Amino acid sequence: MSNSAVLSSSIAKKYWMALTGLFLCLFLVGHLIGNLQLIFKVGEEGRKAFNEYAYFMQTNIFIKIMSYITYISILFHAVDGILLTIQNKKARPINYAYNNQAANTSTPARMMAILGSIILIFIATHMVNFWAKMHFGGLKLHTYELSMEGQMGPQKQQVYHTHTLSAQPIPEVEQIEVKNEIELYVKGSNLKVAETYKDLHSAVIAFFSGNDVHGTTGNKSALLAVILYTVSMLVLGFHLWHGFASAFQSLGINHKRYTPIIQTFGKAFSVLVPFAFAIIPILIYINR
Ligand code: HEM
């Protein structure tokens, strides 16, 4: 391949890395806002709000599309990063022959590759921790009754005697039928008595606190999980510290007045966002 072809393909890769990287920054903000509910909304109300939110995130078509774009962006960003690192090494055959590591790729680029690989490992384990449970089972159900004062009369007693509304999976109850996945009705009627959600809230709290929560077994290695999440957020912070502003550079956005603002914003972003993520498992552990 000619030098200019190598250059242009590496510019294209940098362009896509920048686009996917900035999209992933947007994902981080959305994900953070959703997860902050774990510490700002407490008690049964907080559990209900988070489980309803998780259900919405899993079923809303717009969010589903955004999720697929997120998965593709993560893969694209990672594969492009690996290819760029390999390409950079090959583009410097003389340095490579001398095995001069420091000269093969620039220090920030090499650091970005290492930090990015750690983040990729974090995301993979993180998705096994929660996402896989949410999508492929392994979560208890959180069922709560709806307020039906004056609507149900004696039937209410009958229904609730046989169906204790708890975090247990719905028992086979003759009087109750499930509609639209989450709605429990008195069989043969349009009387909705309860709603039932996958209890992601208890799964997260049990994971980071180590306590058994509403029938979900506590994580025996909760402290280790909190430490690993915190260290991963530190790594994410360093990755963003360099990556945020450099994405704008790769997109060719270079402006006397706006570039310093972007750089300052990028640094604030790379400190505040990972910090706010890290504080979630830490507070869950401290308040256990
Ligand atoms: C430390 C705080 C964090 C907590 C408590 C947390 C919690 C969760 C939970 C509960 C889910 C499952 C949601 C669902 O499938 O509906 C999830 C999914 C996910 N998380 Fe996190 N997360 C944290 C940090 C992060 C970070 C820092 C990243 C990226 C670097 C990340 C990337 C993801 C991804 C890619 C998914 C799948 C999203 C989707 O399916 O749309 N998470 N997280």
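Described below are features of the structure shown in this document. (Residues numbered from 1 in each chain as written. Predicted model: local features only at pLDDT ≥ 70, side-chain atom pairs only at ≥ 80, totals over all residues.)

**Describing the overall build of the chain**
Part 1 of the argument: A tally of regular secondary structure across the chain gives 10 helices and four strands.
Part 2 of the argument: When the helices and strands of the chain are read in sequence order from the N terminus, they spell out α-α-α-α-α-α-β-α-β-β-β-α-α-α.
Part 3 of the argument: Taken across its 288 residues, the chain has 23% of its residues classed as buried.
Part 4 of the argument: Of the contacts formed within the chain by residues at least 6 apart in sequence, a portion of 64% connects residues at least 24 apart. (Helix = DSSP H or I, 4+ residues; strand = E, 2+ residues; numbered from the N terminus. Buried ≥ 20, exposed ≤ 12 C-beta atoms within 10 Å, placed from the backbone. Contact = placed C-beta atoms within 7 Å.)

**Some details on the site of the ligand**
Part 1 of the argument: Close to the ligand lie 21 residues; Ser67, Phe130, Trp131, Met134 and Phe277 are nearest.
Part 2 of the argument: If you list the elements that add at least two residues to the shell around the ligand, you get helix H1 (3–40), helix H2 (43–59), helix H3 (61–90), helix H6 (107–136), helix H8 (200–209), helix H9 (222–250) and helix H10 (258–286).
Part 3 of the argument: Sort the elements by how many residues they give to the shell around the ligand and H6 lands first, with seven residues.
Part 4 of the argument: For the shell around the ligand, the per-class residue count stands at 15 nonpolar, six polar and no charged. (Near = placed C-beta within 6 Å. Nonpolar A, V, L, I, M, F, W, Y, C, P; charged D, E, K, R; others polar.)

**A word on the sheet that holds strand S1 (residues 141–145)**
Part 1 of the argument: Spatially, the four strands line up as an open sheet ordered S1-S4-S3-S2, and their pairing is antiparallel. Only two strands of the sheet have a single partner each, and these edge strands are S1 and strand S2 (176–179). Neighbour-to-neighbour, the strand axes of this sheet turn through a mean angle of 30°, independent of strand direction.
Part 2 of the argument: Pairing analysis gives four bridges linking S2 to strand S3 (residues 183–186), with the strands arranged antiparallel. Bridge pairing links Glu177 to Tyr185 in S3. (Pairing = 2+ DSSP bridges. Axes fitted to C-alpha atoms, helices over the stretch in contact; angles between N-to-C directions.)

**Thoughts on the packing of H9 against H10**
Part 1 of the argument: Closest axis-to-axis distance for the H9/H10 pair is 8 Å, and the angle between their directions is 170°. For the element pair H9 / H10, the angle class is roughly antiparallel. (Parallel < 35°, antiparallel > 145°, perpendicular 65-115°, else oblique.)

**Remarks on the pairing of S3**
Part 1 of the argument: Taking the residues between adjacent antiparallel strands as the criterion, S2 and S3 are bridged by three residues, where Asn180 takes a positive phi near 50°.
Part 2 of the argument: Hairpin geometry of S3 and strand S4 (residues 192–198) is characterised by an intervening segment of five residues between the two adjacent antiparallel strands and by a positive phi of about 75° at Gly188.

**Details of H9**
Part 1 of the argument: Here H9 contains 29 residues, and its C-alpha end-to-end distance of 40 Å stays within 8% of the 42 Å for a straight helix at 1.5 Å per residue.
Part 2 of the argument: The principal kink in H9, of about 30°, is found at Leu240.
Part 3 of the argument: One or two residues past the end of H9 sits Gly252, with phi positive at roughly 85°. (Expected span 1.5 Å × (residues − 1). Bend = angle between axes of the 7 residues up to and from the residue.)

**Some words on the pairing of S4**
Part 1 of the argument: Most of S4 sits out of view: six of its seven residues are buried.
Part 2 of the argument: Of the pairings in the sheet, the one linking S3 to S4 comprises three bridges and is antiparallel in character. Following the sheet pairing, Glu183 is matched in S4 by Glu195.

**Some details on H8**
Part 1 of the argument: Counted residue by residue, H8 has 10 buried out of 10 residues, so it is predominantly covered.
Part 2 of the argument: Among all positions in H8, only Leu200, His201, Ser202, Ala203, Val204, Ile205, Ala206, Phe207, Phe208 and Ser209 are buried.
Part 3 of the argument: Phi turns positive, to about 85°, at Gly210, one or two residues after H8.

**Let's talk about unusual backbone geometry**
Part 1 of the argument: Phi is positive for Asn180, which is not a glycine, with a value near 50°.
Part 2 of the argument: Its location among the elements puts Asn180 in the loop between S2 and S3.
Part 3 of the argument: Unlike most non-glycine residues, His214 shows phi in positive territory, near 45°.
Part 4 of the argument: Tracing the backbone through its elements, the reader meets His214 in the loop between H8 and H9.

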